[in-house]
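# Structure assessment
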Amino acid sequence: MIVSFDNVLTSEELAAMRRQLLDTDWERGISAGPQARLVKKNLQIPENSDVLRDLRILVMRALNRTPEVMSAIMPFKIIPPNFNRYTVDDSHYGRHIDSTVRPLPDGSYLRTDVSATLFLSDPDEYDGGELKITDTFGEQTIKLPAGSLVAYPSGSLHEVTPVTRGDRMGCYMFMQSLIRDTEKRRLLYEMDNALRRLRARQGEDQPELVELTGTYNNLVRLWSEC
Ligand code: NI
């Protein structure tokens, strides 16, 4: 399931974040695994940067307050978000699959189930720089407004095509979901969405809605790993 969300950041947050990103130092990206490193050509913020710490807090706060994102991903663990920048000189990230197991700052590990990109440049600021993801329905081309997020299964082949004009900034994340299986995650997301709409229309106290919400929660109980 590839799913996108508009306005995950408010316009004030986006403006503040972009000011910091344009003001900070960037270095050649080195965070990929050995195979992905061969095809990775972009810029990143160094791990010891103070700006990086502040930006990470801002992104995590935005994710946590957005129930649709939480419902689609059901995050159990998340690697601190990183930022990347593609310019005409450091322009692309060739086809790869994100590495399966990644270390966390506390020394434990995370299995990557869901990868996500938060777009921080608007589509008219650059040419190229499309995120192409191959999923069960073929190749999808994604280029979203700044402040929007796309999430996709980490096991999907994907790439960022060469930037031929301008500057493409983004934030990328890897998450382990409570629900490992992509199809189960999709079913739960669809059910939760339908329940949310029903609740908005009918109120919280319909007995059938209470039962169905219970069923949703019991499916989460049955399928979740933590
Ligand atoms: Ni990737």
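Quick summary incoming for the structure in this document. Just so we're clear, the structure is a prediction, and the values are computed from it rather than from any experiment.

## Considering the nonpolar core
Counting 32 residues, the largest nonpolar core has Met-17, Leu-21, Phe-83, Leu-118, Leu-120, Leu-149 and Met-173 as its most contacted members. Those elements that provide at least two residues to this core are β1 (3-5), α1 (11-23), α3 (50-64), α4 (67-73), β10 (114-119), β14 (149-153) and β17 (168-177). Broken down by element, this core gets its largest block of residues, six residues, from α3. In contact with Leu-149, other than residues within four places in its own chain, are Val-3, Ser-4, Phe-5, Val-8, Leu-63, Val-69, Ala-116, Thr-117, Leu-118, Leu-144 and Met-173. Core analysis: the next-biggest nonpolar cluster, separate from the first, contains twelve residues, Tyr-126, Ile-133, Ile-142 and Leu-144 among them.

## Section: unusual backbone geometry
For Asn-7, which is not glycine, the phi dihedral falls at a positive 50°. Assignment of secondary structure puts Asn-7 in the loop between β1 and α1. Note on Asn-7: relative accessible area 63%, which makes it exposed. Its identity is not glycine, yet Met-74 carries a phi of approximately 45°, on the positive side. Mapped onto the fold, Met-74 is located in the loop between α4 and β5 (75-78).

## Digging into the packing of helix α5 (residues 182-202) against helix α6 (residues 207-223)
Packing of α5 against α6 leaves a shortest axis separation of 11 Å and a crossing angle of 160°. Here α5 is positioned roughly antiparallel relative to α6, judged by the angle of their axes. At the point where α5 passes α6, the crossing takes the left-handed sense. Listed contacts from α6 to Lys-184, Leu-187, Leu-188, Met-191, Asp-192, Leu-195, Leu-198, Arg-199 and Gln-202 of α5 are Leu-209, Leu-212, Thr-213, Thr-215, Tyr-216, Leu-219, Val-220 and Trp-223. Of the residues assigned to the contact of α5 with α6, the class counts are eleven nonpolar, three polar and three charged.

The rules behind each value
- Residues numbered from 1 in each chain as written.
- Predicted model: local features only at pLDDT ≥ 70, side-chain atom pairs only at ≥ 80, totals over all residues.
- Heavy atoms only, no water.
- Core = buried A, V, L, I, M, F, W, Y, C linked by side-chain atoms within 4.5 Å.
- Buried < 20%, exposed > 50% of the residue type's maximum accessible area, 1.4 Å probe, protein only.
- Helix = DSSP H or I, 4+ residues; strand = E, 2+ residues; numbered from the N terminus.
- Contact = heavy atoms within 4.5 Å.
- Axes fitted to C-alpha atoms, helices over the stretch in contact; angles between N-to-C directions.
- Parallel < 35°, antiparallel > 145°, perpendicular 65-115°, else oblique.
- Left-handed = near helix turned anticlockwise from the far one by under 90°.
- Nonpolar A, V, L, I, M, F, W, Y, C, P; charged D, E, K, R; others polar.

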